[in-house]
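# Results of the structural survey
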Amino acid sequence: MKVSLPIALALLTIASPAQSQDSDFNLTYHVERTPSARLSLATCGNAVAHMARQSKLSVDMQSFPGQLVIVKGGRAGAGAFVVQCIAVGNTTVSVVQGIDYKAQKGALGQFADRAFAAVKAAIK
């Protein structure tokens with residue numbers, strides 16, 4: 001079975017602990033698997049980009065049609081977020097990560113929670 005780089009990265013992310021124990025940063029992440037008939041890659045990415053703009057975070061979106069949508073951004077000095085909407089067969093896998101540049105969950109971890117909720121709300 002051949003696994004593409006984005007899928008391999010997603011699998012590594014899934015295998016990582018939900019909360020980092022390192023004192024330099026805090027990682028919050030969520031993973032959801034949804035039938036692609038109920039959640040397209042574009043809908044997944046657009047839900048996150050919209051939430052990021054509402055939260056006044058920087059936003060960059062890349063699309064690889066039929067394979068992957070990446071939405072990333074953050075706030076200087078506070079942290080970053082990365083969201084991957086990945087096509088895996090007939091499933092859309094959503095991986096939402098918020099990285100705070102401090103030991104405790106902060107604004108970007110809280111954003112990751114809200115972005116994950118926005119993705120789930122976009123499911124038909």
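### As for the nonpolar core
Counting 23 residues, the largest nonpolar core has Val48, Val71, Phe81, Val83 and Phe111 as the members making the most contacts within it. At the level of secondary structure, the elements contributing two or more residues to this core comprise helix 2 (41–54), strand 3 (68–75), strand 4 (79–88) and helix 3 (107–121). In contact with Phe81, other than residues within four places in its own chain, are Val48, Ala52, Leu57, Ser58, Val71, Lys72, Gly73, Gly74, Gln97, Gly98, Leu108 and Phe111. Counting residues in hydrophobic clusters, the runner-up holds five residues, among them Ile70, Ile86, Val93 and Val95.

### Topic: helix 2
Given a rise of 1.5 Å per residue, 14 residues ought to cover 20 Å, and the 20 Å separating the end C-alpha atoms of helix 2 matches this to within 8%. Listed as buried for helix 2 are Leu41, Cys44, Gly45, Ala47, Val48, Ala49, Met51 and Ala52. Each element contacted by the buried residues of helix 2 is listed here: strand 2 (58–64), strand 3, strand 4, strand 5 (91–100) and helix 3. Backbone geometry just downstream of helix 2 places Lys56 in the positive-phi region, at approximately 60°.

### Digging into the sheet that holds strand 4
Spatially, five strands are ordered 1-5-4-3-2 in an open sheet, and the strand pairing comes out antiparallel. The open sheet has two edge strands with one neighbour each: strand 1 (26–35) and strand 2. Mean inter-strand twist for the sheet, computed between neighbouring axes without regard to direction, equals 10°. Of the strands in this sheet, strand 1, strand 3, strand 4 and strand 5 are in contact with helix 3, which crosses strand 5 at around 165°.

Calculation notes
Residues numbered from 1 in each chain as written. Predicted model: local features only at pLDDT ≥ 70, side-chain atom pairs only at ≥ 80, totals over all residues. Heavy atoms only, no water. Core = buried A, V, L, I, M, F, W, Y, C linked by side-chain atoms within 4.5 Å. Buried < 20%, exposed > 50% of the residue type's maximum accessible area, 1.4 Å probe, protein only. Helix = DSSP H or I, 4+ residues; strand = E, 2+ residues; numbered from the N terminus. Contact = heavy atoms within 4.5 Å. Expected span 1.5 Å × (residues − 1). Pairing = 2+ DSSP bridges. Axes fitted to C-alpha atoms, helices over the stretch in contact; angles between N-to-C directions.

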